[in-house]
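Summary of the model geometry
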Amino acid sequence: MSNIYENTTDFETYISKLRNEKTLIVCGGKSARTASIANAIASLKSNLDDVVVYSIKETLPYISAIPKVTENTQIIAIGGGKVMDIAKLASLNLSQEVLQKKLQDGDYAIPRTSDLCCIPTTCGSGSEATSFAVCYMDDQKYSISHPSLQPDIVVLDVGVLTSQTNRQTKIGALDAVCQAIESMFSRKANEQSIEYSRKSLKLSLGALSRIGQREITFDEYHQLQIAAHLAGKAINITKTNLPHALSYYLTLHHKVPHGLAVAFFFEAYLQFLQNASDRLPLKQREHLEFVCGCLCNQSDYILGYWRKFLDTLGMVKQMSELQSNVNNQELKDSVNIERLKNFVIEPDLDFIISSS
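The rules behind each value
Residues numbered from 1 in each chain as written. Predicted model: local features only at pLDDT ≥ 70, side-chain atom pairs only at ≥ 80, totals over all residues. Heavy atoms only, no water. Helix = DSSP H or I, 4+ residues; strand = E, 2+ residues; numbered from the N terminus. Rg over C-alpha atoms; globule rule 2.2 N^0.38 Å. Buried < 20%, exposed > 50% of the residue type's maximum accessible area, 1.4 Å probe, protein only. Contact = heavy atoms within 4.5 Å. Areas by Shrake-Rupley, 256 points an atom, 1.4 Å probe, with all protein chains shown as cover. Lys, Arg positive; Asp, Glu negative; His and termini not counted. Charge placed at Lys NZ, Arg CZ, Asp CG, Glu CD. Salt bridge = Lys/Arg side-chain N within 4 Å of Asp/Glu carboxyl O. Pairing = 2+ DSSP bridges.

On to the overall build of the protein, then. Tallying secondary structure elements over the protein gives 15 helices and eight strands in all. Relative to a compact globule of 356 residues, whose C-alpha radius of gyration would be 21 Å, the protein shows 20 Å and is just as compact. Seen through its C-alpha atoms, the protein measures out along the principal axes to roughly 60 × 45 × 40 Å. Out of the 356 residues belonging to the protein, those deemed buried represent 59%. For the protein, contacts bridging at least 24 residues in sequence account for 78% of all contacts bridging at least 6. Counting only carbon and sulfur atoms, one obtains 47% of the accessible surface of the protein, whose full area is about 15,000 Å². Distance from the positive charge centre (35 side chains) to the negative charge centre (38 side chains) of the protein: 1 Å.

Now the structure itself:
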């Protein structure tokens, strides 16, 4: 279980808990130049000895992007999901060659050996609350999972969220919304995960419905941050399923930001759940009514409501609006089978893809 420090904007509480040893700060290449994150890094560097800052330029957590970690180095990740993935992968203290061999051999349960702190700068991935990390090798996605990958310390500081544009923040928040809903329709869902998901969904939808296309307030940043953390706790138990299983292709081959790539499939996902509601287990039928109540203010899904929701946020609503054409067969062939198997019933991929 992580120690969580909330809104410690000067980092003093957090820094006092660190051991005075070598420190690797992992951050995004662009975000490290923003005032809020630059100030956070400067504060850490002024209070710690032997600090190295590693900025990530890659668009995905490729195995080639993992920095080398020397002995007795604590790792601090300041960024979004990609940054935290790479920090977690670095904490394994494996050479790229050894990690590559493990992944090729199907060994995905790898423990970390370095102390790890995560400071999320987005309202979406929830990676600071999970015990897994994503890694790409030869354009193939792998998921490494081990209880030790959950960070030792999490700092939820609203101050660093302002490094994101309004659009980036809303795309991240969409990912949290999708995670919360998907978690409810996972085969692994339990009472604890459902509690996290429901709280997360109410918070994120409440904030996003007020924001629309205007600037985000400090209180709304905080609300979205807590929602993302709760969604991360939910998927740490359940993992994601159908929309996420399809989303990675759009990010990898069409450069669609992850949260938006997932959101593209949600109109069809919600339609499919509604159409197949008689096949859902009783608990999932109740969850569907809850989701529809949060989205549509009624127990059944209203056709087109999700796309209307995306439109109010100023987002592209479906794949046909992308500048590049998506090959539906390639998309179907790319589906992440591990995530797909986590869905509570057999999905109709052709319907989901053609309706997205």
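Text resumes after the structure shown.
As for its position among the elements, F290 is in helix α11 (residues 282-296). Using a relative accessible area of 15% as the deciding quantity, one classes F290 as buried. Between the C-alpha atom of F290 and that of D300, which follows or precedes it by ten residues, the distance is 9.3 Å. Aside from chain neighbours lying at most four places away, what touches F290 is M184, R198, L201 and K202.

Glancing now at the pattern of salt bridges. Scanning all chains against the criterion turns up ten salt bridges. Between D105 and K101 there is a salt bridge; the shortest N-O distance is 2.5 Å. Taking the relative accessible area as the measure of exposure, K101 reaches 47% and is therefore partly exposed. Between R210 and E220 there is a salt bridge; the shortest N-O distance is 3.7 Å. Residue R210 is located in helix α6 (residues 191-211), and its partner E220 is located in helix α7 (residues 218-238); the two are separated by ten residues in the primary sequence. Three or more residues are tied together by salt bridges with common partners; here these are R210, R214 and E220.

Right, let's talk about the pairing of strand β7 (residues 140-145) for a bit. As paired elements, strand β6 (residues 132-137) and β7 share six bridges and run antiparallel to each other. Paired with Y136 across the bridge in β7 is K141. Counted along the chain from β6 to the antiparallel partner β7, the turn is two residues long, and its residue D138 has a positive phi close to 55°.

Interpretation in functional terms is not warranted from these geometric data alone.
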